[in-house]
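Inside the fold
One-letter residues, chain by chain:
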Amino acid sequence: MPHPLASDAMDDVARSAYDTLGDLANGYPANHFALQQVLNVLQEHGARRLLEVGVGQGNAIPVLASAGIEMSGMDIKDELVAVSRERIQEYGRPADAVCWGDIGDATTYPSLRRKADFDALLALGILPHAQQELATLQNMRALLRPGGTAFVECRNALFSLFTFNRYSADFILDSLLFDAPAEARDAVREFLEPRLRMDLPPASVGHATYHNPLEVPALFRAAGFTDIVIRPFHYHVAPPVLEGQLGEVFRDGSLALENEPSGWRGLFLCSAFLVQATRPTQEVPA
Ligand SMILES: C[S@@+](CC[C@H](N)C(=O)[O-])C[C@H]1O[C@@H](n2cnc3c(N)ncnc32)[C@H](O)[C@@H]1O
């Protein structure tokens, strides 16, 4: 029985991996749509060995390992390294396939650096919190074999135009109109504030960096990557403020968009995207 969220558009490998996801009735399976895209590319490239940076509790391990990917992991939290070590052994991998390390500091994972032969690298929830994003991306690139591919999750700054909350005001004033005359900015602020949910999201929401998918390729190129592809995921069929009002219509409508990504709409309707980026086979010395 295929997983109810598995789409006909998926290839067999992705679908069988997806069937291992179990009950996803609670919560939105955003990361699983990201993994579905990763799996399709891995299969296209014939990739086998993948390192997940920020492996956490190893939630991606069952999905990727069931599709035949040889998984390794790294995390900055000892307790999560321990959990993922347990989990990875269930898929025939040794416990030391998961190690401790800080991707911001390449001296902390010498054994991985010595190998640096991964076909692919996955990083979910790392770049939005990285202190030094260029160094973090350079460290990721160095762990790939030449020709290997990284998949790095970013929070989508353009989604702010669809949230109709204080993030929309910030994006319009600080990113679109940052150099406009003060009088124009003040007029726009006055126009926007009564029309937007300026109380949302609550101040308690932690800080993360949002990236503009139209600009982020330059950052990845500066870190030495090439062949950059933006892959939006986590669609919203309506602004998040309407989720409670719409209930199942919100969830089902969003899932339907996810299964049939149109390309450009994801740049505005998705709260996140993966950057797919390749370590060049021939690197130009810095
Ligand atoms: C948002 S969680 C994602 C966990 C897992 N990948 C998942 O999708 O369920 C981010 C993970 O990255 C780890 N992490 C954060 N900063 C890191 C760093 N500099 N180096 C390695 N791991 C890091 C955290 O401990 C956490 O487990």
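Because the structure is predicted, anything quoted here is derived from the model rather than measured. (Residues numbered from 1 in each chain as written. Predicted model: local features only at pLDDT ≥ 70, side-chain atom pairs only at ≥ 80, totals over all residues. Heavy atoms only, no water.)

Turning our eyes to something else, we now look at the pattern of salt bridges. One pass over the structure, following the stated rule, counts seven salt bridges. Measuring nitrogen to oxygen at the nearest pair gives 2.8 Å for the salt bridge that ties E70 to R48. Highlighted residues: E70 in strand β2 (residues 70-75) and R48 in the loop between α2 (30-45) and β1 (49-53), separated in sequence by 22 residues. Judged by its relative accessible area of 26%, E70 falls in the partly exposed class. Since its relative accessible area comes to 47%, R48 is described here as partly exposed. A salt bridge links R189 to D186; the shortest N-O distance between them is 3.2 Å. Of this pair, R189 and D186 are both found in helix α9 (residues 182-192), three residues apart, which corresponds to roughly one turn of the helix. Residue classification places R189 among the partly exposed residues on the basis of a relative accessible area of 29%. The exposure class of D186 is partly exposed, given its relative accessible area of 39%. A cluster of three or more residues bridged by salt bridges with shared partners is formed by R49, D117, D119 and R145. (Salt bridge = Lys/Arg side-chain N within 4 Å of Asp/Glu carboxyl O. Helix = DSSP H or I, 4+ residues; strand = E, 2+ residues; numbered from the N terminus. Buried < 20%, exposed > 50% of the residue type's maximum accessible area, 1.4 Å probe, protein only.)

It is worth spelling out the site of the ligand at this point. Not every one of the 16 residues close to the ligand is listed here, only the nearest: E52, G54, D75, D102 and I103. Between the ligand and N59, the relevant distance is 3.2 Å, taken from an oxygen atom to a side-chain nitrogen or oxygen of the residue. I76 has a polar backbone atom sitting 3.3 Å from a nitrogen atom of the ligand. Contact with the protein chains hides 74% of the accessible area of the ligand, taken as 590 Å² for the molecule alone. Looking at the shell around the ligand, its residues break down into six nonpolar, six polar and four charged. (Near = heavy atom within 4 Å. Polar contact = N/O pair within 3.5 Å; in protein donor to acceptor, adjacent residues only side chain to side chain. Areas by Shrake-Rupley, 256 points an atom, 1.4 Å probe, with all protein chains shown as cover. Nonpolar A, V, L, I, M, F, W, Y, C, P; charged D, E, K, R; others polar.)

Turning next to unusual backbone geometry. A cis amide bond links L200 to the next residue, P201, at an omega of -15 degrees. On the secondary structure map, P201 appears in the loop between α9 and β6 (210-211). Not every positive phi belongs to a glycine, and A116 is a case in point at roughly 40 degrees. Residue D227 is not a glycine yet carries a positive backbone phi of 50 degrees. Here D227 shows up in strand β7 (residues 226-235). The class for D227 is exposed, based on a relative accessible area of 54%.

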